[in-house]
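Overview (structure and organization)
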Amino acid sequence: MAKNILVLHGPNLNLLGVREPTIYGNLSLSMIDNSLKSIASEAGVSISIMQSNHEGHIIDTIHDARFKKNDFLIINAGAYTHTSIAMRDAISAISIPFIEVHISNIYKRESFRSLSYLSDIAIGVISGLGITGYEAALRYAITY
């Protein structure tokens, strides 16, 4: 069972609740984070959550995950999913199992969103289930 779980939110996710609500819904990032904290607390596991619009900051946090003894990573890399080989390399380097999460169904959107540099190294990908995708990923991580 994973005891220390890291959740990373990538660029523009700080705008949830106001950014394109027809695609991303009306819930704010803090509402999503509070839901995840509640689930983690009920399960008795530690959860750390971070959001950044800066690729280097996210990569530094991924590197630190190894030293902070994180057992599992849940990541919504946002647009970096489709562009960041550096983020892929960082995740590969730390050897921590992870799930890639997307609020919207990236396969029903613009064609460039269908490419993910993370999917083939992830345990799983959850796309298009809204915030329940985060919750499902967390529940899986807890029992992993």
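Each remark here, short or long, concerns the structure printed above.
Remember, it's a predicted structure, so these values are computed and weren't measured experimentally. Throughout, residues of each chain are indexed from 1 in the direction in which the sequence is written. With pLDDT at 70 or above as the cut-off, local features in this predicted model cover only qualifying residues; side-chain atom pairs require 80 or more to be listed or tallied, and sums for whole chains, interfaces and linings still use all residues. For side-chain calculations, the full set of non-hydrogen atoms in the structure is used, while hydrogens and water are omitted.

**Things to note about the side chain of Ser52**
Relative to the assigned elements, Ser52 resides in the loop between β2 (46-51) and α3 (55-67). We call a residue buried when its accessible area falls under 20% of the maximum for its residue type, exposed when it is over 50%, and partly exposed in between, using a 1.4 Å probe and counting protein chains only. For Ser52, a relative accessible area of 4% translates into the label buried. A distance of 3.0 Å separates a polar atom in the side chain of Ser52 from the backbone nitrogen of His54. Any pair of N or O atoms that falls within 3.5 Å is considered a polar contact. Within protein, one atom must be able to donate a hydrogen and the other to accept it, and sequence-neighbouring residues count only if both atoms are side-chain atoms. There is a polar contact of 3.1 Å between the side chain of Ser52 and the side chain of His57. Throughout, a residue-residue contact means that at least one pair of heavy atoms, one from each residue, lies within 4.5 Å. Setting aside anything within four residues of it in sequence, one finds Ser52 in contact with His9, Gly10, Pro11, His57 and Ile58. Helix numbering and strand numbering both begin at the N terminus, where a helix is a DSSP run of H or I of at least 4 residues and a strand a DSSP run of E of at least 2.

**Examining the packing of aromatic side chains**
Only rings of Phe, Tyr and Trp enter the pairing, Trp through its six-membered ring, and a pair is recorded when the two centres are within 6.5 Å. The plane angle decides the type: under 30 degrees is stacked, over 60 is edge-to-face, the rest tilted. Scanning the entire structure with this criterion turns up 3 aromatic pairs. Their ring planes at 45° and their centres at 6.0 Å tell us that Tyr140 and Tyr144 sit as a pair that is tilted. Residue class for Tyr140 comes out partly exposed when judged on its relative accessible area of 38%. Members of the aromatic cluster, joined through ring pairs, are Phe72, Tyr140 and Tyr144.

**Remarks on helix α5 (residues 131-143)**
A helix is expected to span 1.5 Å for every residue after the first. Compared with the 18 Å implied by 1.5 Å per residue over 13 residues, the 19 Å span of α5 between its first and last C-alpha is a close match. Among the residues making up α5, those that are buried are Gly133, Tyr134, Glu135, Ala137, Leu138, Ala141 and Ile142.

**Considering the sheet that holds strand β4 (residues 98-102)**
With parallel pairing, 5 strands are arranged side by side in an open sheet as β2-β1-β3-β4-β5. Both edges of this open sheet fall to β2 and β5 (124-127), since each of them pairs with a single strand only. Direction aside, neighbouring strands of the sheet carry axes that sit 15° apart on average. At least two bridges found by DSSP between two strands are what make those strands a pair. Where strand β1 (residues 4-9) meets strand β3 (residues 72-76), 5 bridges bridge the pair, whose relative direction is parallel. If you follow His9 over to β3, its bridge partner there is Asn76. Seen against the sheet, α5 touches β1, β2, β3, β4 and β5 and runs at an angle of roughly 170° to β3. Geometry is summarised by axes, namely lines fitted to C-alpha atoms with helices restricted to the contacting stretch, and by angles between N-to-C directions that run from 0 to 180 degrees.

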